[in-house]
Amino acid sequence: MMKSDISANNKKLAMEKTSLWRPGSHLSSTVRDMPPSGIRKFFDIVVGMEDVISLGVGEPDFATPWHIREACIYSLEGGHTSYTPNKGLFELREILAESTKEDLGLDYDPEEEILITTGVSEAVDLAFRATINPGDEVIVPQPCYVAYVPDVLLAGGVPRPVATRLSEEFKLRPEDFQDAINEKTKALILSYPNNPTGAIMTREDLEEIADLVVENDLLVISDEVYDKLTYNGRHTSFAQLEGMQERTVLLNGMSKSCAMTGWRVGYALGDPAILGAMTKVHQYTMLCAPTMAQVAAVEAIRRGEKEIKAMNREYDRRRRLFVSELERLGLPCFEPKGAFYAFPSIEGTGLSSEEFAEQLLKEQKVAAVPGNAFGESGEGFLRCSYATSREEILEAVDRIERFLAGLGL
Ligand SMILES: Cc1ncc(COP(=O)(O)O)c(C=O)c1O
């Protein structure tokens, strides 16, 4: 065959193959089969609607305190725009080691036991990817933050949801935890104060879980991003329990307590072997968290306490107002003890969580998230963020009242 014939033939073959090209057939089956986040799906409806009151987004309505923004501006002016070490700015790791010692009484070595991540979201993903082998099971108490189940699946693991219930104040019961453990169980992800329920677990509650963790030789990934947002006393970290520091990958970040969601700074604290493995994944995927955001995080930890406390006091006022109004409307609501979400039961209305949320949005333009977006055991509930102004909360309450009246309730 002549050279020109070969090239014509190759072109013909390429054309034929192109006509067969279906990009969808090249997707990973894990990703293809993964449902989109129940929160995002719902908020696609909100886009383009006017006059909506949003109780939907899980982020503070406050802007980041000015001195924190200013620290970032100065750093940019100084030309600090290059990469930081993979593990994060040493100054940030050092101040985190100091503040963790002060807050929790725990020592972490800034060289080997602290990793700065792009938000807690990245830290959760890294913790699973660094520890899970195909088929390993991870116990996921639900309702919970929407990323845990997909992150376990992306790591090749098998999520094992365990329901928590209103009657148990949405705490993980040792009996339910025990029942979910088998020979394939490798880890438990704990998340208190909890999104979406606002539940906390006391030291005594956690101690019962710790006993089973030791008995079954499990790793605990503890997402404590709402640790500073508690309303009835101080938060207990799982890592503070006797013997638990070495078994716990403790995750936290700046997003919620410092009103810094858009900056993308989180961190992981834990055993050097696990942190080293997480750092390996991080260095190949993220390289480092944003430099200027890390500078801002140093300022937030060093001088942000006053504003954090002021924001907390305001969330607490809103919490009490909102929960009492929901009760007045006949929607029983568990008293949230942490984070900034109320999780009223809508079971008495006869509607499912999705029906309630969709109809409330369409008829009264109030956006809230159906409870089942956080796991099956969230069915019958609605997640409402009270990280919004008191005026907006009261307007939302009026609209919910009109919606309930329209249902004949
Ligand atoms: C429990 C929990 N963990 C992690 C995150 C994500 O935090 P970050 O913004 O630091 O990625 C959220 C956000 O809603 C959350 O509720």
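Everything numeric in this text was worked out from a predicted model, so none of it was measured.

To continue, consider the site of the ligand. Among the 13 residues in the neighbourhood of the ligand, the closest are listed as Val120, Ser121, Asp223, Lys256 and Arg264. For the ligand, an oxygen atom lies 2.6 Å from a polar atom in the side chain of Lys256. Considering the ligand on its own, with 400 Å² of exposed area, one finds that the protein chains cover 93% of that surface. In terms of residue count, the dominant contributor to the shell around the ligand is helix 6 (residues 119-131) (three residues). In the shell around the ligand, the residues fall into five nonpolar, five polar and three charged.

In this section: the sheet that holds strand 2 (residues 114-117). Pairing is mixed across the open sheet formed by seven strands, whose spatial order is 2-8-7-6-5-3-4. Of all strands in the sheet, those bounded by a partner on one side alone are strand 2 and strand 4 (158-163). On average, each strand axis in the sheet is tilted by 20° relative to the strand beside it, whichever way the strands run. In the sheet, strand 3 (residues 137-142) pairs with strand 4 via six bridges, with the strands oriented parallel. Within the sheet, the bridge partner assigned to Gln142 lies in strand 4 and is Ala163.

What follows covers the sheet that holds strand 11 (residues 369-370). In spatial order, the strands read 9-12-11; together these three strands make up an open sheet with antiparallel pairing. Edge positions in the sheet fall to strand 9 (341-342) and strand 11, since each has one partner strand and no second. Direction of pairing for strand 11 relative to strand 12 (residues 382-385): antiparallel, over a ladder of two bridges. Across the sheet, the residue bridging to Pro370 is Leu382, located in strand 12.

Reports often express the size of an interface as the amount of accessible area lost when the parts come together. Segmentation of the chain into domains returns domain 1 (38-63 + 306-406) and domain 2 (66-303). Of note, the centres of domain 1 and domain 2, computed from C-alpha atoms alone, are 26 Å apart. Of the residues lining the interface, 31 residues belong to domain 1; the matching set on domain 2 comes to 32 residues. With both sides pooled, the region where domain 1 packs onto domain 2 buries about 2700 Å², and carbon together with sulfur makes up 62% of that total. A per-residue breakdown of the area domain 1 buries against domain 2 is headed by Phe334, Lys337 and Phe374, which together make up 25% of the total. At the boundary of domain 1 and domain 2, one finds zero salt bridges. With seven residues, helix 12 (residues 305-328) is the single largest residue contributor to the side of domain 1 that touches domain 2. A class-by-class count of the residues in the side of domain 1 that touches domain 2 yields 17 nonpolar, six polar and eight charged.

Cut-offs applied
Residues numbered from 1 in each chain as written. Predicted model: local features only at pLDDT ≥ 70, side-chain atom pairs only at ≥ 80, totals over all residues. Heavy atoms only, no water. Near = heavy atom within 4 Å. Polar contact = N/O pair within 3.5 Å; in protein donor to acceptor, adjacent residues only side chain to side chain. Areas by Shrake-Rupley, 256 points an atom, 1.4 Å probe, with all protein chains shown as cover. Helix = DSSP H or I, 4+ residues; strand = E, 2+ residues; numbered from the N terminus. Nonpolar A, V, L, I, M, F, W, Y, C, P; charged D, E, K, R; others polar. Pairing = 2+ DSSP bridges. Axes fitted to C-alpha atoms, helices over the stretch in contact; angles between N-to-C directions. Domains from an automatic or database assignment. Contact = heavy atoms within 4.5 Å. Buried area = accessible area lost by both parts, 1.4 Å probe. Salt bridge = Lys/Arg side-chain N within 4 Å of Asp/Glu carboxyl O.

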